[in-house]
Protein chains: 2
Amino acid sequence: MANEGMCTRLSGTEKVIKTLKRYIAVTMGDVNGIGPEILAKALARLDLGGEWRLVVYGSRAAYEEARRWAPEAPDARVVSNFSEAVDTLGAIPFIEADAPIPERRPGELDVDAGRCAIRWLEEAVGAAQRGEVDAIVTGPLNKQGIHLAGYTIQGHTDHIAALTDSPDYRMCLFAGPMRVVHITAHLALTEALRQVEQERIAVSIRLGHEALGRLDIPTRRIAVAGLNPHAGEAGAFGVEEVHAITPAIAECRSEGIDCSGPHSADTLFLRMKEGEFDLVVAMYHDQGHIPLKLIAMDEGVNVTLGIPIVRTSVDHGTAYDIAGTGRAREASLLAALDLASELASSTEEIAR
Amino acid sequence: MANEGMCTRLSGTEKVIKTLKRYIAVTMGDVNGIGPEILAKALARLDLGGEWRLVVYGSRAAYEEARRWAPEAPDARVVSNFSEAVDTLGAIPFIEADAPIPERRPGELDVDAGRCAIRWLEEAVGAAQRGEVDAIVTGPLNKQGIHLAGYTIQGHTDHIAALTDSPDYRMCLFAGPMRVVHITAHLALTEALRQVEQERIAVSIRLGHEALGRLDIPTRRIAVAGLNPHAGEAGAFGVEEVHAITPAIAECRSEGIDCSGPHSADTLFLRMKEGEFDLVVAMYHDQGHIPLKLIAMDEGVNVTLGIPIVRTSVDHGTAYDIAGTGRAREASLLAALDLASELASSTEEIAR
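Sequence order sets the numbering: in each chain, residues are counted from 1 along the sequence as written. The naming scheme follows written order: chains are lettered A onward, ligands numbered 1 onward. Whole-chain, interface and lining totals are the exception, using all residues; otherwise, since this is a predicted model, local features are given only for residues with pLDDT of at least 70 and side-chain atom pairs are given and counted only at 80 or more. Hydrogens and water molecules were not included; the side-chain quantities draw on all heavy atoms of the structure.

Looking at the pattern of salt bridges
All names here are of chain A.
Working step 1: Think of a salt bridge as a Lys or Arg side-chain nitrogen and an Asp or Glu carboxyl oxygen that are within 4 Å of each other. Under the counting rule described, the total for this entry stands at 46 salt bridges over all chains.
Working step 2: With a closest N to O distance of 3.1 Å, Arg45 and Glu330 form a salt bridge. Of this pair, Arg45 sits in helix H1 (residues 35-45) while Glu330 sits in the loop between strand S12 (311-314) and helix H12 (331-345), placing them 285 residues apart in sequence.
Working step 3: Whether a residue is buried, partly exposed or exposed follows from its accessible area with a 1.4 Å probe, protein chains only, as a fraction of its type maximum: under 20%, in between, or over 50%, in that order. Exposure remark for Glu330: the relative accessible area of 14% places this residue in the buried category. Secondary structure elements are defined from DSSP: runs of H or I of at least 4 residues count as helices, runs of E of at least 2 residues count as strands, and each element is numbered from the N terminus.

Given below as structure tokens:
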């Protein structure tokens, strides 16, 4: 099989033995959040004897502490750089990157936890840019912790886009058969509405089309959501469908992309869930986040398109309220690893 | 039991025998849509021997034609006014209201079908205003048909509000444990954002609180959604949470209403679904419609609050594409009848 993804491979019967290993960098995120726990729990469930290997950018001590929730998780070994990571004799290589790692205190805001999380992220992005790893999967950051540490970034995705010099990136949310590309992300809704423009929509459609091409599915049916109630009913309420969305769809169709719309947003996500479409282009953050978070349960994955590396992320925060209790669930991290391996396995070029 | 609703009463064991009958007016909507079919199918499933009786404002011929999909549906008898409807010996009374009823041609746009639908609606609203019926449940209209017939109304709800002189009405969507009051309805989103104002939100919270009081549930926990991504993160993106939503919540809490927020909209509907809240106040049409239509399947019910009568409605359109095929499902109409009887059974006064 061309591509089964990392996690599905666990129960697969056809395992392709390759001499060339491929790597995914996983960042631990904030050590005081649930990052260490979900990492230990996910590693305990992964079959790491196949094509894919992991390298963790994070604290070995925090991982060891979290292993009490997942005793079967593999051993860890600290290495100082990627070239040392390629042979750790079955142990998971951890790159701590000389960060000022604080002792883990689950649920506590900590300036060093914020600083480490950013440091590990930047190291992992560098490894992807240098081609050492094929994809990165990021654990949850605490925005307050980052701000305490003096960073002014809005969050993960914006920072990765800046690090990779990618002005036209898109935040996406994938969950099983539901996939959404958002034309904007963390903006006030009034500002997001001003950005409902033909070119921004067309770029989003193209990025969605290219991402679908890297998945192991036969179709690339893209539905573009309307902005207004009932997609504006042909201009009866709101003009964005007429002035921006419809022309963007026409433009992309003329390029051979299978896209349609604008569709009424209030029934569109059910239609995608039932298999009519492979991906929706949403006009603002909550238009895609509300339905996917309602349906996805723990298995949503954040994906960044329009950057020159493969990057997925868990779709949840640091969950300080349950950190250290053992209640955190690893499903989103497993799904993020699986999707990262799938996207990175494709022979299609990454668009940006 | 105080109130089991019409439909749940079907399988209930404790049936309260009352000599005083109560009436729900049901409008057929557009005869060329699925209205006649869902009516016949719903009537076939209702136990009409209890407290509640129905009077239909619609075409007996269209109903008879649709009975081929529900042969067990009860007989119909045309009556000329409500006083004749009280004794039809087991047959369902139909008030045709001297409307120019066209022959049923499923799926065809027809000016007389539009005219009749409005006529029946206006008659039913009049019956409710005169106290002849305790509630009205409306079948689906075709907006194009209505416009052909010369009406300029946006739709059902707006017209009912105008007929009852109710400037401050709210469109709601209920589906099982999920209930949403929208602060605005069919407006361009840019215009809806301008209407995110403290007083409009406070009125919506109060109407939701009063509606919950008429249901047979022990709590009235209202959650108010934020407008911006992550409810604006304390003003980081967007100011409406700070300037309008939070003050409206404070105002209503000072009146003793159990309300909280602003909550991040992208996780709020899952929280309501899981039982943490009884009702959400949504900041615009799609914020509530996207999650409820995704979850509700066929069982969503539209409710109008802030009018002096009880009114519920099916949560779907005329579905011309499947009209006449027998594929239409009656679940939403049954849920609308059930909710109407529940709201009308309460001894609480209707707020407006």
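Brief notes about the sheet that holds strand S9 (residues 259-263) of chain A
All names here are of chain A.
Working step 1: A pair of strands counts as paired when DSSP detects no fewer than two bridges linking them. The strand order S3-S4-S2-S1-S5-S12-S11-S6-S7-S10-S8-S9 describes an open sheet built from 12 strands, whose pairing is mixed. A single partner strand is all that each edge strand has here, and the edge strands are strand S3 (76-79) and S9. Strand-to-strand twist of the sheet, defined as the mean angle between neighbouring strand axes without regard to direction, takes the value 25°.
Working step 2: Relative to S9, strand S8 (residues 222-225) is paired through 3 bridges, and the arrangement is parallel. For Ala223, the partnering residue across the bridge sits in S9 and is Ser260.
Working step 3: What makes two residues a contact is simply this: any of their non-hydrogen atoms within 4.5 Å. Geometry is summarised by axes, namely lines fitted to C-alpha atoms with helices restricted to the contacting stretch, and by angles between N-to-C directions that run from 0 to 180 degrees. Across the sheet, helix H8 (residues 198-213) lies against strand S6 (170-175), strand S7 (178-182), S8, S9, strand S10 (279-282) and strand S11 (301-305), angled at about 150° from S8, the strand it touches most.

What to know about the environment of B:Asn81
All names here are of chain B.
Working step 1: Tracing the backbone through its elements, the reader meets Asn81 in the loop between strand S3 (76-79) and helix H3 (82-85).
Working step 2: Under the relative-accessibility criterion, Asn81 is labelled partly exposed at 33%.
Working step 3: Counting along the chain gives 15 residues from Asn81 to Glu96, while the straight-line C-alpha distance between them is 9.0 Å.
Working step 4: We define a polar contact as two N or O atoms separated by no more than 3.5 Å, with the added condition that, inside protein, one atom must be a possible hydrogen donor and the other a possible acceptor, whereas residues neighbouring each other in sequence contribute only through side-chain atom pairs. A distance of 2.7 Å separates a polar atom in the side chain of Asn81 from a polar atom in the side chain of Ser83.

Quick word on the interface of chain A and chain B
Working step 1: Taken together, the contact pairs 35 residues of chain A with 35 residues of chain B.
Working step 2: Two parts placed together each lose some accessible area; with a 1.4 Å probe, that loss summed over both constitutes the buried area. Carbon and sulfur atoms make up 68% of the surface buried where chain A meets chain B, a total of about 3,000 Å² over both sides.
Working step 3: Put simply, chain A and chain B have 2 salt bridges between them.
Working step 4: With a shortest N-O distance of 3.2 Å, B:Glu233 and A:Lys143 are connected by a salt bridge.
Working step 5: Inspection of the chain A/chain B interface yields 8 residue pairs in polar contact (both at pLDDT 80 or more).
Working step 6: Per element, the largest residue contribution to the side of chain A that touches chain B is 9 residues, and it comes from helix H11 (residues 285-296) of chain A.
Working step 7: Residues belonging to the side of chain A that touches chain B are distributed by class as follows: 17 nonpolar, 10 polar and 8 charged. For this classification, the nonpolar set comprises Ala, Val, Leu, Ile, Met, Phe, Trp, Tyr, Cys and Pro, the charged set comprises Asp, Glu, Lys and Arg, and every other residue, Gly included, is treated as polar.

Topic: the relation of the copies chain A and chain B
Working step 1: Our superposition of the copies is a least-squares fit, built on the C-alpha atoms of residues whose pLDDT is at least 70 in both. When chain A is brought onto chain B, the operation consists of a screw motion whose angular component is 180° and whose axial shift is 0.0 Å, with 0.0 Å RMSD remaining. Here the symmetry operator amounts to a two-fold rotation axis. Residue A:Pro291, judged by its C-alpha, is the member of chain A lying nearest the rotation axis, at 2.7 Å.
Working step 2: Comparing interface residues between copies, 100% of those in chain A also lie at the interface in chain B; the contact surface is shared.

Some thoughts on the pairing of strand S1 (residues 22-27) of chain B
All names here are of chain B.
Working step 1: Within S1, 6 of the 6 residues are buried, which leaves it mostly tucked inside the rest of the structure.
Working step 2: What you see with S1 is no split at all: Arg22, Ile24 and Val26 on one side and Tyr23, Ala25 and Thr27 on the other are buried throughout.
Working step 3: By the bridge criterion, 6 bridges tie S1 to strand S2 (residues 52-57) in an arrangement that is parallel. Within S2, the position partnered with Val26 by the bridge is Val56.
Working step 4: A clockwise path from the first strand over the helix to the second, with the strands pointing away from the viewer, defines a right-handed crossover. Handedness of the S1-helix H1 (residues 35-45)-S2 crossover: right-handed.

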